[in-house]
Amino acid sequence: MKYSNCVKVVVSACLALALQVHAQAPVANSIEGINVAQQGNDIAVKIDLKEALQSPPAGFSVANPARVAFDFPQTANGLGKNGQIVNEGDLRGFNVVQAGERTRLVLNLAKNMNYSTRLD
């Protein structure tokens, strides 16, 4: 069964959510889809995952170049690609990189942004 988690981006920033699983557990979750839509002055980034999430992932921002990154432990990249150009508002695109049992989602921005996360 597939679950969806919506992410609301504040002032054109970005977001994602993650499942915290015991470090010995096999990778059970995967990022299945990423959809972006302009909503007024905000950008909504919807992350579709194989399994429902319990808590938000660790995230951080970088000023130069402007980026926001999120780490998804015990999660694989199930997209079949490592990136996409979006050009929606100040969100230029994203990269998804899997290293072992962790996947990092990096949102490439035109300028530094604030962001908020919502689990639906």
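Residues numbered from 1 in each chain as written. Predicted model: local features only at pLDDT ≥ 70, side-chain atom pairs only at ≥ 80, totals over all residues. Heavy atoms only, no water.

Draft legend 1. Quick look at the confidence of the model for the protein. Considering every residue of the protein, the mean pLDDT works out to 79; 78% of them sit at 70 or more. The low-confidence segment residues 1-24 (pLDDT under 50) makes 116 contacts with residues lying over four places distant or belonging to another chain. (pLDDT = per-residue confidence, 0-100. Contact = heavy atoms within 4.5 Å.)

Draft legend 2. Geometry of the environment of Gly59. Mapping Gly59 onto the fold places it in strand 4 (residues 58-62). Each residue touching Gly59, except ones within four places of it in the same chain, is listed here: Ala69, Phe70 and Tyr115. (Helix = DSSP H or I, 4+ residues; strand = E, 2+ residues; numbered from the N terminus.)

Draft legend 3. How the structure looks around the pattern of salt bridges. Under the counting rule described, the total for this entry stands at four salt bridges. Linking Asp48 and Lys46 is a salt bridge whose minimum nitrogen-to-oxygen distance equals 3.8 Å. One salt bridge in this structure joins Asp71 and Arg104, with 2.5 Å as the shortest N-O distance. With Asp71 in strand 5 (residues 67-73) and Arg104 in strand 9 (residues 102-109), the pair connects residues that are 33 residues apart, well separated along the chain. Using a relative accessible area of 14% as the deciding quantity, one classes Asp71 as buried. On the basis of relative accessibility, which here comes to 25%, the residue Arg104 falls in the partly exposed class. (Salt bridge = Lys/Arg side-chain N within 4 Å of Asp/Glu carboxyl O. Buried < 20%, exposed > 50% of the residue type's maximum accessible area, 1.4 Å probe, protein only.)

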